[in-house]
Amino acid sequence: MHLVPCIRRRVGRAASVARPPAASLARAAVLALGGLAGAVSASAQTRAEAVSFAAYFMPLRDVAPGVRHRQAPMAGLRLGSWVTPWLGFEMTFGYADSDLRGAAAPDTDVILTVIRGRVLVTSWRSNTHVFVSAGLGGISHGGASYGTQLDAKDLTLTAGLGARLKLRGRFGLRIELEDYHHRARLVGEGRRAQHDLVLSLALAVGFGPGWPGLTPP
């Protein structure tokens, strides 16, 4: 994947294309993740989970006639906790370098910041956990086609299905498929309903009581 070089090229263009909302959104996401991590660490009875994921971003609809985001690699972080043996909450931050196919100014990117709930549909005592998820958050797009700055006003709804395979001790392997539904708008165009799929593979690390044996708190 060429995600890191792409990010470096965008940083190098910061002098020519100002994107203060992007920086603000990234800082807000980092602060939110840090705050959630602190709250999780402060509670000895919380079963928490930190997840680093690699994903593939797959837009399904045009954002304007003949214009659609390209499929692209995505990387991100998740941080959450299970508040009961079957109900959990999680925050997701993800970035994809997804250009626009068919646009006069194709250079764009996508940032996701989402809070969602997860419901476990298998027993904690199993080595494989299957869960469904749903939530809401913000999706932002950057580049000249969106007015040069990130549009942080788009609300996104998400639903997904995932599984966690126990590895050793507190470690697990997670795979998930999520659908992000929102309404995107290019400069000079009306808003269009979007469905963006994200298929992710992740390494998860559990914290708190109960993780080694995966027993309820």
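Everything numeric in this text was worked out from a predicted model, so none of it was measured.

Calculation notes
- Residue positions within a chain follow its written sequence, with the count starting from 1.
- pLDDT decides what is reported in this predicted model: residues at 70 or higher carry local features, side-chain atom pairs at 80 or more are listed and counted, and totals for whole chains, interfaces and linings draw on all residues regardless.
- Water and hydrogen atoms were dropped before computing side-chain values, which therefore reflect all heavy atoms in the structure.
- Any two strands with at least two DSSP bridges between them are considered paired.
- What counts as a helix is a DSSP run of H or I of at least four residues, what counts as a strand is a run of E of at least two, and both are numbered from the N terminus.
- Inter-axis angles, ranging from 0 to 180 degrees, are taken between N-to-C directions of lines fitted to C-alpha atoms, where helices are fitted over the stretch in contact.
- Side-chain rings of Phe, Tyr and Trp, where Trp is taken by its six-membered ring, are said to pair if the distance between their centres is within 6.5 Å; with planes under 30 degrees apart they count as stacked, over 60 as edge-to-face, and otherwise as tilted.
- Think of it as a cone above the ring: NZ of Lys or CZ of Arg counts as a charge over the ring if it is within 6 Å of the ring centre and within 35 degrees of the ring normal.
- Here a polar contact is taken to be a pair of N or O atoms separated by no more than 3.5 Å, where protein atoms must pair a possible hydrogen donor with a possible acceptor and residues adjacent in sequence count only if both atoms sit in side chains.
- Contacts were defined at the residue level, with two residues in contact if any of their heavy atoms lie within 4.5 Å.
- Put simply, a salt bridge is a Lys or Arg side-chain nitrogen that is within 4 Å of an Asp or Glu carboxyl oxygen.
- Each residue's exposure class comes from its accessible area (1.4 Å probe, protein chains only) as a fraction of the maximum for that residue type: buried when under 20%, exposed when over 50%, partly exposed otherwise.
- Patch criteria: residues need more than 30% relative accessible area and no salt bridge. Like-charged residues are merged within 9 Å; nonpolar side chains of Val, Leu, Ile, Met, Phe, Trp and Tyr are merged within 5 Å.
- Accessible areas in this description were obtained via Shrake-Rupley with a 1.4 Å probe; residue shielding takes into account the shown protein chains only.

Draft legend 1. The arrangement of the sheet that holds strand β1 (residues 47-59) in detail. Taking strand neighbours around the barrel as the criterion, the eight strands line up as β1-β3-β4-β6-β7-β8-β9-β10 in a closed arrangement whose pairing is antiparallel. Each strand axis lies, on average, 25° off the axis of its neighbour in the sheet, ignoring direction. Sheet topology places strand β3 (residues 72-82) next to strand β4 (residues 87-96); nine bridges connect them, and they run antiparallel. Pairing of W82 across the sheet is with G88, part of β4.

Draft legend 2. Looking closely at the packing of aromatic side chains. As enumerated under the stated definition, the model contains zero aromatic pairs in all. Sitting over the face of the ring of F53, R78 holds its NZ or CZ atom 4.4 Å from the ring centroid. Here the basic side chain of R118 rests over the ring of F131, its NZ or CZ set 5.0 Å away from the ring centre.

Draft legend 3. Inspection of the side chain of S98 at higher detail. Among the structural elements, S98 can be located in the loop between β4 and β5 (100-101). Within the structure, the side chain of S98 is placed 2.7 Å from the backbone oxygen of R70, a separation counted as a polar contact. Residues contacting S98, with those up to four places away along its chain left out, are F57, H69, R70, A72, T108, D109 and V110.

Draft legend 4. Seen up close, the pattern of salt bridges. Under the definition given, this model contains 13 salt bridges. Here R164 ties to E49 by a salt bridge, and the two come within 2.6 Å at their closest N and O atoms. In this pair, R164 sits in strand β8 (residues 154-166) while E49 sits in strand β1, placing the two residues 115 residues apart along the sequence. Note on accessibility: R164 and E49 belong to one class, buried. Between R78 and E176 there is a salt bridge, with its nearest N and O atoms 3.7 Å apart. With a gap of 98 residues between them, R78 in strand β3 and E176 in strand β9 (residues 171-184) connect regions that are remote in the sequence. Through salt bridges with shared partners, a single network forms among E49, R78, E90, R116, R118, R164, R174, E176 and E178.

Draft legend 5. Main features of a nonpolar patch on the surface. On the surface, Y56, L165, L167, F171, L173, I175, L177, L199, L201 and L203 cluster together to form a nonpolar patch covering roughly 860 Å² of accessible area. Breaking the nonpolar patch down by element, the ones donating at least two residues are β9 and β10 (192-207). With four residues, the single largest contributor to the nonpolar patch is β9. Take I175: it is sitting in strand β9.

Draft legend 6. Representation of the pairing of strand β6 (residues 109-120) in the model. Most of β6 is tucked away: ten of the twelve residues are buried. In terms of strand pairing, β4 meets β6 through ten bridges, oriented antiparallel. Counted as the bridge partner of A96 is V110 from β6. Strand direction decides the pairing type here: β6 and strand β7 (residues 128-142), joined by twelve bridges, are antiparallel. Looking at the pairing, T113 lines up with G138 of β7.

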